[in-house]
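Residue-level listing of the chains:
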Number of protein chains: 4
Amino acid sequence: MEGAKEKINLNVGGIRHETYCSTLRTFPGTKLCRLTEPHAHSMYEYDSSTKEFFFDRSAELFGYVLNYYRTKHLHCPADTCRSVLEEELAFWEISDAQLAPCCWLKLNNKERQPEEFNMWDENELADDQCLIVQMERRDFSWRARWQPKIWAIFEKPYSSLGAKCLAVVSLLFIIGIVIIFCEETKAQFDFFAGNFTIVSHSEVTHIVHEPYYHQAPYLLHLELFCVLWFTFEFSMRFCFCPDKKKFLKNPLNVVDFLSLFPVYIELFTAKQIQKMPTLGLWLGSVRVVYLLKLLKISKLIETPLILRVLSYTLKSILREICILLMMLAFETLFFGSLFFYGELLGIHPSFTGDLHFTDILICFWWALITLTTVGYGDIIPFTTFGQVTAALAAIFGMLTIIIPIPIFLVKFKGYYAIAISKQKLKMSRK
Amino acid sequence: MEGAKEKINLNVGGIRHETYCSTLRTFPGTKLCRLTEPHAHSMYEYDSSTKEFFFDRSAELFGYVLNYYRTKHLHCPADTCRSVLEEELAFWEISDAQLAPCCWLKLNNKERQPEEFNMWDENELADDQCLIVQMERRDFSWRARWQPKIWAIFEKPYSSLGAKCLAVVSLLFIIGIVIIFCEETKAQFDFFAGNFTIVSHSEVTHIVHEPYYHQAPYLLHLELFCVLWFTFEFSMRFCFCPDKKKFLKNPLNVVDFLSLFPVYIELFTAKQIQKMPTLGLWLGSVRVVYLLKLLKISKLIETPLILRVLSYTLKSILREICILLMMLAFETLFFGSLFFYGELLGIHPSFTGDLHFTDILICFWWALITLTTVGYGDIIPFTTFGQVTAALAAIFGMLTIIIPIPIFLVKFKGYYAIAISKQKLKMSRK
Amino acid sequence: MEGAKEKINLNVGGIRHETYCSTLRTFPGTKLCRLTEPHAHSMYEYDSSTKEFFFDRSAELFGYVLNYYRTKHLHCPADTCRSVLEEELAFWEISDAQLAPCCWLKLNNKERQPEEFNMWDENELADDQCLIVQMERRDFSWRARWQPKIWAIFEKPYSSLGAKCLAVVSLLFIIGIVIIFCEETKAQFDFFAGNFTIVSHSEVTHIVHEPYYHQAPYLLHLELFCVLWFTFEFSMRFCFCPDKKKFLKNPLNVVDFLSLFPVYIELFTAKQIQKMPTLGLWLGSVRVVYLLKLLKISKLIETPLILRVLSYTLKSILREICILLMMLAFETLFFGSLFFYGELLGIHPSFTGDLHFTDILICFWWALITLTTVGYGDIIPFTTFGQVTAALAAIFGMLTIIIPIPIFLVKFKGYYAIAISKQKLKMSRK
Amino acid sequence: MEGAKEKINLNVGGIRHETYCSTLRTFPGTKLCRLTEPHAHSMYEYDSSTKEFFFDRSAELFGYVLNYYRTKHLHCPADTCRSVLEEELAFWEISDAQLAPCCWLKLNNKERQPEEFNMWDENELADDQCLIVQMERRDFSWRARWQPKIWAIFEKPYSSLGAKCLAVVSLLFIIGIVIIFCEETKAQFDFFAGNFTIVSHSEVTHIVHEPYYHQAPYLLHLELFCVLWFTFEFSMRFCFCPDKKKFLKNPLNVVDFLSLFPVYIELFTAKQIQKMPTLGLWLGSVRVVYLLKLLKISKLIETPLILRVLSYTLKSILREICILLMMLAFETLFFGSLFFYGELLGIHPSFTGDLHFTDILICFWWALITLTTVGYGDIIPFTTFGQVTAALAAIFGMLTIIIPIPIFLVKFKGYYAIAISKQKLKMSRK
Ligand SMILES: [K+]
Ligand SMILES: [K+]
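Rules of the game
- Residues numbered from 1 in each chain as written.
- Chains lettered and ligands numbered in written order.
- Predicted model: local features only at pLDDT ≥ 70, side-chain atom pairs only at ≥ 80, totals over all residues.
- Heavy atoms only, no water.
- Helix = DSSP H or I, 4+ residues; strand = E, 2+ residues; numbered from the N terminus.
- Buried < 20%, exposed > 50% of the residue type's maximum accessible area, 1.4 Å probe, protein only.
- Contact = heavy atoms within 4.5 Å.
- Buried area = accessible area lost by both parts, 1.4 Å probe.
- Salt bridge = Lys/Arg side-chain N within 4 Å of Asp/Glu carboxyl O.
- Polar contact = N/O pair within 3.5 Å; in protein donor to acceptor, adjacent residues only side chain to side chain.
- Patch = residues over 30% accessible without salt bridge, like charges linked within 9 Å, V, L, I, M, F, W, Y side chains within 5 Å.
- Areas by Shrake-Rupley, 256 points an atom, 1.4 Å probe, with all protein chains shown as cover.
- UniProt positions renumbered as here; feature names shortened; annotations may be inferred.
- Pairing = 2+ DSSP bridges.
- Axes fitted to C-alpha atoms, helices over the stretch in contact; angles between N-to-C directions.
- Nonpolar A, V, L, I, M, F, W, Y, C, P; charged D, E, K, R; others polar.
- Domains from an automatic or database assignment.
- Donors = N, O, S within 2.8 Å, 3.2 Å for Na, K, Ca; no water.
- Parallel < 35°, antiparallel > 145°, perpendicular 65-115°, else oblique.
- Least-squares fit on C-alpha atoms with pLDDT ≥ 70 in both.
- Expected span 1.5 Å × (residues − 1).
- Left-handed = near helix turned anticlockwise from the far one by under 90°.

1. Topic: the overall build of chain A
Here comes step 1: Scanning chain A from N- to C-terminus turns up 23 helices and four strands.
Here comes step 2: By the burial criterion, 52% of the 430 residues in chain A qualify as buried.

Structure, rendered in structure tokens:
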């Protein structure tokens, strides 16, 4: 039996700790307190030769546990892993809610994020695994043998020489169709300008109207040629893709699909366009989809790790960005309305100039252009109240630019550190 | 009795430390120095069998204390909690002012902020606790039973199906009144434009004047309908709120209250408006308060933690932002004045064009628009001196955008780390 | 004598380390290697009963030193203080150049900065110490007794009620003179506009000329009144300042001094101004110095710590900012020249419009306004080459805004951490 | 032989660890598991008197290894060096892939970067080493003796008084030629303006044409004088440079070389210019190369460490910046096209004003100016759809400014920490 000022020896993982029994009695009901009870020798492993209790636990954290009994404050070493601390405290029957506030930040909080990152990693590998899975089915049909190879030729530009050539050809066609698109806008602008002249001078119409289909027919033929190639490429990729559903979910493939239509529609509706010139313009505008094909270049460039982390970060804070954009929209409405009434109320009755705006929508437009600090200068406040509104809008705009920076930065840094660690681990395993 | 080169054994928490007596005599007057005195054996706990002094303290920090005697410099381990260090040093009778400057930053400085954050947390929970407190009074009156339920329906959109429906209805009314507000501006603009024509051509007045009340009477009726709903909602929420004072302190409720008036006033003063058209415009401008109701949408969206931390950070650096805005105001005055005199002095006597400005206030306006890099271009320097002023203003403006970033970032990071830790702790307790 | 696979015991500060003699022989010439030599027992303190060498050193770092012998790589624990490591390595006769590169960043590099910060701290306290030094001289003359009190009244607005009143009065006078300054600009503008009319219509001169001294004579009287107060205040402060040299080195006092002249000069040269109107304008422009008096408000506000750190950081990176501004100047010259030649060479021969610019200086002005993303729009490129130049300038401008951010941030964070630590230490000492 | 609940003692570097044999059997096949096998006493060093196995390894990390057996999770202390951990785990025959995810970030990841920085450091020293290498050849020819001295005079402005003087003279010449360049643009503008008059009024030609060679012949002579000096300087530096290839690879030297030609060409083609005025303008535009000589000033200023790190960081993220600029280019194309069709489709048929743009290229120009938030205001959307496009472009532009900040910051911080550490190490070695 041990008294008040009697000492007790604890052998935790080979390291001897020594303390007073009274110290251990500070927190009744915990395992360490029970060691001071009379029948403890039989309950816990007690070596009567060295007069020590033996526990097969980490010695380092036990130092902090023992200090908790001595000072009544539970601290932990720097950068402790949360799970380690929890396990150790559970063993000693201490609640982790006792941890001092100053040590909350010392806990290693990075358990969650790696999971997210694993998910991300897997998405990237999904394609390859898809191929492997199919390989393992081992049905030696024609399709089963050729599908992965053709898929690789179309999708993995660095996999073989043929794939490289195809990627270059495809790239040239994309650049080509963008140039054709730009050239066609000229013909469309002329057509449109001519069309407007119709409204005023109804006679000159047909002469101006014609150019659209006669000046640039070779453009349409070139475009058709490109689109035929795209049709071939898309159908090949669609046929030989390992997973049709996934294929159609990819926005780039949807763009590829949509970009096939404008030309065919134009060919079949040539006569309608002659009558309804706006239709031609609509068909032209749909061709903006060709530009989106430029995003496929990103497949040819090996994106650096840091940019992949960047895009992942952007995705992860999408919700926050949306809320900030809603805030911006609200500011636009608010400052726009203030500007509208400010200008109307403040203007001098003898003012004879033009008011620049005739609508509150124009005021909203002005507010947004001021908030983003673009400041075209097409609408300018004339009255003092309007100028004060503009000044406030400019200052709020400046703040709005600054506000998302810390969010972005904090998230990015966390993800980047994980990505670098994962890359190192991967490299060291190879 | 121990001599100069004699060794002394110290058993601190079970770990044996060994040093020379001469080392301990480095700092006279401290507890460790006194151990070397002849009658120390009787004053401190001395085990004559092992020839050790025993102290029931942390062994880790004692290593640093002992090194202080050896090297005369007091260091501490990385990320030491301030309170732990202070307690330990107090036990060994060493002043914490002795800590080497290189270790100041190692101290864990996060004690204060958690308190602030606790306060913030409690504000959020206040509503719920209010309810609970009232529940505990247990006066089974009609009001006592129904009040929390009705309050929850109006204030907690996710609490029940009824609350959800009410939130959607309320949201539709808010969007409705914003659309009505925008439509009314058109009528007001026509009214105002017509009104101005009065000044010049006094006859056309009444014909143009009329539209305001005849073109859009259905708008006023729709608005009245919305405001009736708001009146009902506000009175219900006011009647059944758990704390009237707190309710009225909330700016959103003040906005709700103010938004009830414009329509009623307009109905009662219709005749006065016919005579004093500016009054109509003033009543219109007061309706900007409807837009502020849009901020209530924030209650429907569950704000992510990171944005709550952001808004808390913004509140905590409000004072710094104000001082920086004062700095901006000073720069506006300074560059505006420089621009005014620069343009006047530098302009060539034979200049016949328009000077763009007639007032120093316009120069201040120009300076602010340049400092915020909006740059409308309505006022432009003509002289070299004015252009140099503009260039300086633009550069200072750029710097002014950059300057608050670090303040914002440093504070945000600190709060975010605490918030994440608190959230983790909360989750682990559940 | 010890052989190859024989073990050696080292008692470092009470902790027993055990290793092979062969391990210690890895680095010949070091103290630990010499322990394996035959006559080591007599050279170092050897306890033949426990067969241990005893060293009165830190046990923690010795673990790393011993690992250096085992693995041939010298590492160190996280956040080690540089001075501690150096002292320990010197004792064991190991060069600190052996530290592995991965551990360079673990060294605590914050020794220098605290000194800088101490310096900064002392500057702030200098005034008070000045007073104390004078107090200690104990010459009970009239001046010696009153000087500190009067100085405190004028310079320390929070020291007494009288000082507070004086500060408020002084502030009102400053705001007053700024308003007077703004009012005077109106008279000056009229005067200037009238003066210009002289050039074209020589008869109307005198009628327009007069207003300057007749319309606003009360302004001049008010200004004189304010300046009389400033004269009184400045002379008092100059007489009773504890250190005349330091007083005159403070830019705010120089501004105070300069702001006394314009009014007196105007009064004495009234007749000359009547003849040389430009002189009046020059005297007006010198009054911009009144605005600088607004900076004295900063004395009345207790600046938060974070802003003091901010201004200290800005001072410390002044040289870097200057070099970046030189870079901006170079970009201005370069893009301005490119724009000049691009527009001239690219313009179509049949172009009949106005070229917007007649000088390369205007092109430099354009370049700077584009680089700072202000973009007034007064000068706009017409040719494709000019537009490409403008686009490049805009992108470089964007980058120029971003580039100084990290410098600023890194420095600010370092200083802020030190400032917070110092503040905590100061508070804990009180 | 040891049983299930039997304990085992491990003496690792002098520190005794104690655990159950069953604990060690958790991971079969590892070295620690084999200790529990019957013949372990003969395989590993076993001291039968103390009943301990002895291992000459680090005791600190062994604590974590033992905890791995106890808890089945492998953790590591904060900021562990990767190489240390790997070596230790290899000794205990544990795979480092077992490391818990929460500890990935604790690994010290800074091994790679120092190598990069070493490379950078060496580049800087290359010149000096070049000199030293040549010195060591010890061929006492005239060139061998004088080459280093002359090279130092021309290239190292701080090496001697002569070098300083030469640097100042060279600087004056550079500033001189920049001023001359600016002056010449005036003559060229007049010449150009006159030339344009030719097109419209063919008679006035020769009178206006002449000024170019008669008004400013002294400028050409001054320019010739400067260029003669540059020719001398360049030839000296080329003759005495230690490595010709390296010399020509330096872009600054290429600029020096190119800047010699314009004057000589102009002198030899004076007559052709008289006939082909555009040639004169082309020769003028080539002189922009003079401005690039201003970059040589950077050699005279000792760049602060922080700016050298900045430029190194910029170089290291060049690829990321390029990809972001490609993204910006894509956004330009996309928003430009949207704007083009949006304006054409949305415009009201009765619109009679000017459309601002006649080409899709102008729309791309507008898009870029809006994305960079310059916003000249020369092209402004008239239709609602165009305004929405502009608003989106402005918001995307704002985001584009913010996106590269974190990349830049993260890289900069890493490099700066290394640079500071290296500098400290260098200083401590001196
Ligand atoms: K602008
Ligand atoms: K702008």
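Further notes follow.
2. Quick look at the interface of chain B and chain C
Here comes step 1: Facing 77 residues of chain B, the contacting portion of chain C comprises 77 residues.
Here comes step 2: Between chain B and chain C, a total of about 6,900 Å² is buried, with carbon and sulfur atoms accounting for 73% of that surface.
Here comes step 3: Counting across the interface, chain B meets chain C through two salt bridges.
Here comes step 4: Our enumeration of links across chain B and chain C arrives at 12 residue pairs in polar contact (both at pLDDT 80 or more).
Here comes step 5: Looking at the side of chain B that touches chain C, the elements with two or more residues in it are β2 (15-20), α4 (59-71), α5 (82-91), α20 (318-346), α21 (360-371), α22 (384-402) and α23 (404-429) of chain B.
Here comes step 6: Broken down by element, the residue count for the side of chain B that touches chain C peaks at 15 residues, all from α20 of chain B.

3. A closer look at a nonpolar patch on the surface
All names here are of chain A.
Here comes step 1: Taken together, the side chains of V254, F257, L258, F261 and I265 present a nonpolar region at the surface, about 400 Å² in accessible area.
Here comes step 2: Listing elements by their share of the nonpolar patch, those giving two or more residues are α13 (251-258) and α14 (261-268).
Here comes step 3: If you tally residues by element for the nonpolar patch, the top one is α13, at three residues.
Here comes step 4: What makes I265 partly exposed here is its relative accessible area of 39%.

4. So, the UniProt feature "transmembrane region" (unreviewed entry) in chain A
All names here are of chain A.
Here comes step 1: Within this numbering scheme, the UniProt entry marks residues 161-181, 218-240, 316-335, 355-376 and 388-409 as carrying the feature "transmembrane region" (unreviewed entry).
Here comes step 2: Each end of residues 161-181 is marked by a C-alpha atom, and these two atoms are 30 Å apart; helix forms 100% of the span and strand 0%.
Here comes step 3: Here residues 316-335 runs as 95% helix and 0% strand, with 30 Å between its end C-alpha atoms.

5. Some words on the sheet that holds strand β3 (residues 46-47) of chain B
Whether parallel or antiparallel, the strands of a sheet pair through hydrogen bonds between backbone atoms.
Residues and elements named next belong to chain B.
Here comes step 1: The strand order β2-β1-β4-β3 describes an open sheet built from four strands, whose pairing is mixed. In this open sheet, the two edge strands, each paired with only one partner strand, are β2 and β3.
Here comes step 2: For strand β1 (residues 7-12) and strand β4 (residues 52-55), the ladder comprises four bridges, and the chain directions are parallel. Across the sheet, residue N11 finds its bridge partner in β4, namely F54.
Here comes step 3: Here α4 sits on the sheet and contacts β1 and β2; the angle it forms with β2, its principal contact strand, is near 5°.

6. Things to note about the interface of chain A and chain B
Here comes step 1: With 77 residues of chain A in contact, the opposing surface of chain B contributes 76 residues.
Here comes step 2: Here chain A packs against chain B, burying approximately 6,900 Å² in sum over the two surfaces, 72% of which is carbon and sulfur.
Here comes step 3: Between R70 of chain A and D56 of chain B there is a salt bridge whose closest N-O contact spans 2.6 Å.
Here comes step 4: On the surface where chain A and chain B come into contact, there are 11 residue pairs in polar contact (both at pLDDT 80 or more).
Here comes step 5: Broken down by secondary-structure element, the contributors of at least two residues to the side of chain A that touches chain B are β2 (15-20), α4 (59-71), α5 (82-91), α20 (318-346), α21 (360-371), α22 (384-402) and α23 (404-429) of chain A.
Here comes step 6: A per-element tally of the side of chain A that touches chain B places α20 of chain A first, with 15 residues.
Here comes step 7: Across the side of chain A that touches chain B, the residue classes break down as 47 nonpolar, 16 polar and 14 charged.

7. Considering the domain arrangement of chain A
Here comes step 1: Assigned domains of chain A: these are domain 1 (7-108), domain 2 (142-201 + 210-303) and domain 3 (306-429).
Here comes step 2: The centre of domain 1 of chain A, based on its C-alpha atoms, is set 55 Å off from the matching centre of domain 3 of chain A.

8. With respect to unusual backbone geometry
Here comes step 1: One non-glycine residue, T373 of chain B, adopts positive backbone phi at about 55°.
Here comes step 2: On the basis of relative accessible area, T373 of chain B is assigned to the buried category, the value being 4%.

9. Observations concerning the side chain of S259 of chain B
All names here are of chain B.
Here comes step 1: Relative to the assigned elements, S259 resides in the loop between α13 (251-258) and α14 (261-268).
Here comes step 2: For S259, a relative accessible area of 0% gives the class buried.
Here comes step 3: A polar atom in the side chain of S259 sits 3.4 Å from the side chain of K293.
Here comes step 4: With near-sequence residues (within four places) excluded, S259 lies in contact with V227, V289, Y290 and K293.

10. Thoughts on the coordination of the potassium ion (ligand 1)
Here comes step 1: Every protein donor of the potassium ion (ligand 1) is listed here as V374 of chain A (O), G375 of chain A (O), V374 of chain B (O), G375 of chain B (O), V374 of chain C (O), G375 of chain C (O), V374 of chain D (O) and G375 of chain D (O), and their distances to the metal cover 2.5 to 3.1 Å.
Here comes step 2: In this structure the potassium ion (ligand 2) is found 3.6 Å away from the potassium ion (ligand 1), and V374 of chain A serves as a bridging donor for the pair. Separated into two different chains, G375 of chain A in the loop between α21 and α22 and G375 of chain D in the loop between α21 (360-371) and α22 (384-402) make up a pair that spans both.
Here comes step 3: In this structure G375 of chain A comes out as buried when scored by relative accessible area, which is 0%.

11. Some points on the packing of helix α19 (residues 305-316) of chain A against α20 of chain A
Residues and elements named next belong to chain A.
Here comes step 1: Remark: α19 packs on α20, axes separated minimally by 4 Å, with the N-to-C direction vectors making an angle of 60°. The angle between the axes of α19 and α20 places the two elements in the oblique class. Taking contact as the criterion, the partners of L314, K315 and S316 in α19 are, on α20, L318, E320 and I321.
Here comes step 2: Partitioned by chemical class, the residues of the contact of α19 with α20 number three nonpolar, one polar and two charged.

12. A short note on the pairing of strand β4 (residues 52-55) of chain C
Residue and element names in this part refer to chain C.
Here comes step 1: Alternating positions in β4 separate into two faces, E52 and F54 on one and F53 and F55 on the other, with burial throughout.
Here comes step 2: By the bridge criterion, two bridges tie strand β3 (residues 46-47) to β4 in an arrangement that is antiparallel. When the sheet's bridge partners are listed, D47 is paired in β4 with E52.
Here comes step 3: Between β3 and β4, which follow one another and run antiparallel, lie four residues, and K51 among them has a positive phi close to 55°.

13. Concerning the side chain of E18 of chain B
Here comes step 1: Locating E18 of chain B in the fold gives a position in strand β2.
Here comes step 2: We classify E18 of chain B as buried; its relative accessible area is 7%.
Here comes step 3: When sequence neighbours within four positions are dropped, the list of residues in contact with E18 of chain B reads K7, I8, N9 and R70 of chain B together with N11, G13, G14, F54 and D56 of chain C.

14. Here we look at the relation of the copies chain A and chain B
Here comes step 1: Mapping chain A onto chain B calls for a rotation angle of 90° and an axial translation of 0.0 Å; the resulting RMSD is 0.1 Å. The superposition of one copy onto the other is thereby described by a four-fold rotation axis.
Here comes step 2: When the interface residues of chain A are mapped onto chain B, a mere 12% of them again fall at the interface, so the copies present different faces.

15. Regarding the environment of T400 of chain B
Here comes step 1: Within the secondary structure layout, T400 of chain B lies in helix α22.
Here comes step 2: Apart from residues lying up to four places away in sequence, T400 of chain B is in contact with L328 and E331 of chain B.

16. Quick word on the relation of the copies chain B and chain C
Here comes step 1: Superposing chain B onto chain C takes a rotation of 90° plus a shift of 0.0 Å along the axis, which leaves an RMSD of 0.1 Å.
Here comes step 2: An overlap of only 12% is found between the interface residues of chain B and their copies at the interface of chain C, pointing to separate contact surfaces.

17. Notes on helix α7 (residues 142-155) of chain B
Here comes step 1: The terminal C-alpha atoms of α7 of chain B, which comprises 14 residues, lie 20 Å apart, in line with the 20 Å expected from a rise of 1.5 Å per residue.
Here comes step 2: For α7 of chain B, the full list of buried residues reads Q147, P148, I150, W151, A152, F154 and E155 of chain B.

18. Some words on the packing of helix α7 (residues 142-155) of chain C against helix α11 (residues 217-239) of chain C
Residue and element names in this part refer to chain C.
Here comes step 1: Close contact between α7 and α11 brings their axes to 9 Å; oriented N to C, the two are set at 135°. One way to sum up the angle between α7 and α11 is to call them oblique. You can see that α7 and α11 cross each other, and the crossing is left-handed. In this structure, α7 uses R143, I150, W151, F154 and E155 to contact α11, whose residues at the interface are F232, E233, M236, R237 and C239.
Here comes step 2: The residue inventory of the contact of α7 with α11, partitioned by class, reads six nonpolar, no polar and four charged.

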